[in-house]
There are 2 protein chains.
Amino acid sequence: MKSFIAKQYACPVEYTLTLIGGKWKPVILWHLANDGIKRYGEIKKLLIGITHKMLSQQLKELEADGLIHREEYHQIPPKVEYSLTDKGKTLIPILQLMCQWGQENMEHI
Amino acid sequence: MKSFIAKQYACPVEYTLTLIGGKWKPVILWHLANDGIKRYGEIKKLLIGITHKMLSQQLKELEADGLIHREEYHQIPPKVEYSLTDKGKTLIPILQLMCQWGQENMEHI
DNA sequence: CTGCATCCCTTTAGATACTG
DNA sequence: CAGTATCTAAAGGGATGCAG
């Protein structure tokens, strides 16, 4: 999942999934898509069960892939806000489709 | 990724990704969507680099999740054919969207 | 040809502690 | 409040051999 390493993809779907796949990334993107700008701490409260380390890591990767924007305010205490970039916003239809499909199918578990 | 274990999902997207996420599943589904019925060996030839173990595992999980159908012919040598179920076919739009998004964005790497 | 089991190594993620 | 580093436990995936 190290986005900066050159890699060969057999299929574009595989590439897309390296950017938005995984346990946390889609949920992070989903919240930013719905709520716009969010602070680090706010995101952490929304993602029940995520560890501090994981959230930092995921946000860092999403930023490196140009999907989210990181705005840092140099204050004490620090304050950092995250939001979707234009590229990130183009993923919303995909997230919506997956969300819809999940809702329609997961109830039969 | 053990699909038969009860699990809580914070978001339907997460559930969807446990079914179609990962390195191989979307590609397998993609090929079955395009070509219809395929034999085990044919799929293996299409997925460059996949190991024997991985393919068996992924196919088994996809079958357990009701996304693909497994038709076994009791012959010597054995012959097994795989195809999408109706449920599996409902995923095609999602795969198409992800494929399209990947094509439009991965060229800028 | 297709599938399962085992061994083993690599990768990933959780817990904890520390910095600005 | 936000982020980093380290250590460790657990999961993932490759290679190989055996079975129907």
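Whatever comes next refers back to the structure up there.
I will try to describe carefully the structure that is included in this document. Per-chain numbering applies: the sequence of each chain, read as written, is numbered from 1 onward. Lettering of chains starts at A and numbering of ligands starts at 1, both following the order in which they are written. The predicted nature of this model means local features are confined to residues of pLDDT at least 70 and side-chain atom pairs, given and counted, to a pLDDT of 80 or more, with totals for whole chains, interfaces and linings taken over all residues. The basis for every side-chain value is the complete set of non-hydrogen atoms in the structure, without hydrogens or water.

### Quick notes on the packing of aromatic side chains
Part 1: Any pair of Phe, Tyr and Trp rings, taking the six-membered ring for Trp, is counted once the centres come within 6.5 Å. Such a pair is stacked with planes under 30 degrees apart, edge-to-face with planes over 60 apart, and tilted for the rest. With the rule as written, the count across this model stands at two aromatic pairs over all chains.
Part 2: Both rings, one in Y15(A) and one in W101(B), keep their centres 6.4 Å apart while their planes meet at 20°; by these two values the pair is stacked. With Y15(A) in helix 1 (residues 12-20) and W101(B) in helix 6 (residues 92-105), the pair connects residues from two separate chains. Pair check on accessibility: Y15(A) and W101(B) agree, each one buried. Segments assigned H or I by DSSP are reported as helices when at least four residues long, segments assigned E as strands when at least two residues long, and all are numbered from the N terminus. Buried, partly exposed and exposed residues are distinguished by accessible area as a fraction of the type maximum, computed with a 1.4 Å probe on protein chains only: under 20%, between the cut-offs, and over 50%, respectively.

### Digging into the pattern of salt bridges
Residues and elements named next belong to chain B.
Part 1: Definition used for salt bridges: Asp or Glu carboxyl oxygen within 4 Å of a side-chain nitrogen of Lys or Arg. The tally for this structure, following the rule as stated, stands at 10 salt bridges over all chains.
Part 2: In this structure, the salt-bridge partner of R70 is E72, at a minimum N-O distance of 3.0 Å.
Part 3: Owing to a relative accessible area of 31%, R70 belongs among the partly exposed residues under this scheme.
Part 4: Owing to a relative accessible area of 38%, E72 belongs among the partly exposed residues under this scheme.
Part 5: The closest approach of N and O atoms between E81 and K79, which form a salt bridge, is 3.9 Å.

### Describing the sheet that holds strand 3 (residues 79-84) of chain B
Residues and elements named next belong to chain B.
Part 1: Here, any two strands with at least 2 DSSP bridges between them count as paired. Ordered by their spatial adjacency, three strands build an open sheet running 1-3-2, and the pairing between neighbours is antiparallel. The open sheet has two edge strands, strand 1 (38-39) and strand 2 (68-73), and neither has a second partner.
Part 2: Bridge analysis of strand 2 against strand 3 gives six bridges, and the strand direction is antiparallel. Its bridge partner lying in strand 3, R70 is registered against Y82.

### Some words on the relation of the copies chain A and chain B
Part 1: Overlaying chain A with chain B gives an RMSD of 0.1 Å, the required rotation being 180° about an axis along which the chain moves by 0.0 Å. Here the transformation between the copies is reduced to the relation of a two-fold axis.
Part 2: Here a residue-residue contact requires only that any non-hydrogen atoms of the pair lie within 4.5 Å. Comparing contact sets, 100% of the residues at the interface of chain A also lie at the interface in chain B, consistent with an isologous, same-surface contact. We place the copies in one frame by least squares, fitting the C-alpha atoms of every residue whose pLDDT is at least 70 in both.

### Quick look at the protein's contact with DNA strand C
Part 1: The environment of DNA strand C is formed by 15 residues, the closest being K53(A), P78(A), Y40(B), H52(B) and R70(B).
Part 2: Expressed as a percentage, the sugar and phosphate content of the atoms of DNA strand C within 4 Å of the protein is 56%.
Part 3: Nitrogen and oxygen atoms within 3.5 Å of one another constitute a polar contact, given that in protein one can donate a hydrogen and the other can accept it, and given that sequence-neighbouring residues count only through two side-chain atoms. Contacts to DNA strand C include K53(A), whose side-chain N or O atom sits 2.4 Å from a base oxygen.
Part 4: R70(B) places a polar side-chain atom, nitrogen or oxygen, 2.7 Å from a phosphate oxygen of DNA strand C.
Part 5: Within the residue set of the surface near DNA strand C, elements represented by two or more residues are helix 4 (52-64) of chain A together with helix 3 (40-46), helix 4 (52-64) and strand 3 of chain B.
Part 6: Per-element tally for the surface near DNA strand C: the top contributor is helix 4 of chain B, with three residues. Think of it this way: one heavy atom of a residue within 4 Å of a molecule or strand is enough to make that residue near it.

### Some thoughts on the protein's contact with DNA strand D
Part 1: With respect to spatial proximity, 16 residues lie near DNA strand D, and among them Y40(A), H52(A), R70(A), K53(B) and P78(B) are the closest.
Part 2: At 3.1 Å from a phosphate oxygen of DNA strand D is found a side-chain nitrogen or oxygen belonging to R39(A).
Part 3: Backbone polar atom of G41(A) to a phosphate oxygen of DNA strand D: 2.9 Å apart, as the coordinates give it.
Part 4: Mapped by element, the contributors of at least two residues to the surface near DNA strand D are helix 3 (40-46), helix 4 and strand 3 (79-84) of chain A together with helix 4 of chain B.
Part 5: The element best represented in the surface near DNA strand D is helix 4 of chain A, accounting for four residues.

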